[in-house]
Amino acid sequence: MIRFSVLGCGRIGSMHARNLTRHPKARLVSVFDVVTAASDAMAQELGVKAAASVAEVLADQDVDAVLIATSTDTHVELITAAARAGKAILCEKPIALDMAKVDQCWGEIRDLGATIMIGFNRRFDPSFRAVHDRMTAGEIGKLEQVIITSRDPGPPPIGYIKVSGGLFRDMTIHDFDLARYFAGDIVEVHAFGGNLVDPAIAAAGDIDAAMVTMRAASGALIHINNSRRASYGYDQRLEVFGEKGMLIAGNKTATTVQAYSAERTGAADVVLPFFIERYADAYANEIANFVDSVATGKAPLTSFRDGAEALRLADAALESLKTGKSVKISHS
């Protein structure tokens, strides 16, 4: 039984806390949030302790692992402190918005032996995972192209945009990780971006639409397309194409019902509204993988290095957007 504390009781932290209470080999011991009303409410709902501080959590010998779902600017400090306290760590993406901070963090914790997972939940989506496993088994032969579509139903609040690190570090970072999951190391990035959705996003210094093309070390080509607005719901699709064929994972809907009438021909349910609904299975599978890693000592599917490399790609995309040139990425 792996004993957990959840740091951060916002939307994502609350979802993780509830998922932990459902896992047969995990036990939620406590929750913490700087907004005490949030942690008190979560603790009452789940019948656990509301910790008074991070220090209390890290000193608690009844806590084996922490799940970090706090604001991005706290991640490095919390990862470092938790690793020093001997806790296993599952931290939401991104590790930080500054690559130098990520590298410094790794330099401080790499020899501590902590189990660390970064929360790239999309690798755990059953459909995406099935595509990956079938591709790896050779079904489409040599991989030649990957196409990733990720469009939000609507933009987040401008206050969030201003502290998010920008679209590439906040949104596309998931797609950068998927690109690496399917195609391996990336050696070249070229990004295009625009403001097609909300002028306020441009005024905040960010873009709301992007297309990124990349080349993998294997020679495979990757195309990512993002938008902060999809009028029909949360658009999440994936296509891998190879010498022997193609595998596609499409959008999920609430049911598989299609309607036929004089007005509608083959109309299906609308796609699911946003990430918690769309990736509900993925989040549960992510928890399961982390619990198993802590229990067995096996490496989790998404490592600290995966978090670092996804941020490196986000930074390369931003550099490309600013310069209009492709950015080469070296791998030692």
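Residues numbered from 1 in each chain as written. Predicted model: local features only at pLDDT ≥ 70, side-chain atom pairs only at ≥ 80, totals over all residues. Heavy atoms only, no water.

Draft legend 1. Expanded view of the pairing of strand 11 (residues 235–242). Inspection of the sheet shows strand 7 (residues 143–151) paired to strand 11 by eight bridges, in the antiparallel sense. Note that in strand 11 the partner of Ser 150 across the bridge is Gln 236. Of the pairings in the sheet, the one linking strand 11 to strand 12 (residues 245–249) comprises five bridges and is antiparallel in character. The residue bridging Leu 238 from the neighbouring strand is Ala 249, located in strand 12. Here strand 11 folds back onto strand 12 in antiparallel fashion, the turn holding two residues. (Pairing = 2+ DSSP bridges. Helix = DSSP H or I, 4+ residues; strand = E, 2+ residues; numbered from the N terminus.)

Draft legend 2. The nonpolar core, seen in detail. Counting 96 residues, the largest nonpolar core has Phe 168 and Phe 176 as its most contacted members. Residue contributions to this core peak at eight residues, all from helix 13 (residues 304–323). Leave out the neighbours within four places in its chain, and Phe 168 touches Ile 173, Phe 176, Ala 191, Ile 207, Ala 210, Val 212, Ala 314, Ala 317, Leu 318 and Leu 321. (Core = buried A, V, L, I, M, F, W, Y, C linked by side-chain atoms within 4.5 Å. Buried < 20%, exposed > 50% of the residue type's maximum accessible area, 1.4 Å probe, protein only. Contact = heavy atoms within 4.5 Å.)

Draft legend 3. View of unusual backbone geometry. Omega for the bond connecting Lys 93 with Pro 94 falls within 30 degrees of zero, at -15°, which places this linkage in the cis form. By the element assignment, Pro 94 lies in the loop between strand 5 (88–92) and helix 5 (99–109).

Draft legend 4. How the structure looks around the packing of aromatic side chains. Within the structure shown, the criterion is met by seven aromatic pairs. Ring centres 5.0 Å apart and planes at 25° place the aromatic pair Trp 106 and Phe 304 in the stacked group. Note that Trp 106 is positioned in helix 5 and Phe 304 in helix 13, a separation of 198 residues in sequence. Put simply, the rings of Phe 128, Tyr 234, Phe 274, Phe 275 and Tyr 279 touch in pairs and so form one group of aromatic residues. The aromatic ring of Phe 128 is capped on one face by Arg 278, whose charged end is 5.4 Å from the ring centroid. (Phe/Tyr/Trp six-rings, centres within 6.5 Å; stacked < 30°, edge-to-face > 60°. Lys NZ or Arg CZ within 6 Å of the ring centre and 35° of its normal.)

Draft legend 5. The pattern of salt bridges, seen in detail. Applying the stated criterion across every chain, the model contains 25 salt bridges. Among the ionic pairs, Lys 49 bridges to Asp 60, the shortest N-O distance being 3.4 Å. Highlighted residues: Lys 49 in strand 3 (residues 49–50) and Asp 60 in the loop between helix 3 (54–59) and strand 4 (65–68), separated in sequence by eleven residues. By relative accessible area, which is 38% here, Lys 49 ends up partly exposed. Asp 152 serves as the salt-bridge partner of Arg 228, at 3.3 Å between the closest nitrogen and oxygen. On the criterion of sequence distance, the pair formed by Arg 228 in the loop between strand 10 (221–227) and strand 11 and Asp 152 in the loop between strand 7 and helix 7 (158–163) is long-range, its members being 76 residues apart. Across this residue pair, the class does not change: Arg 228 and Asp 152 are buried. In this structure, a network of salt bridges that share partners links the residues Arg 123, Asp 177, Arg 180, Asp 185, Arg 305 and Asp 306. (Salt bridge = Lys/Arg side-chain N within 4 Å of Asp/Glu carboxyl O.)

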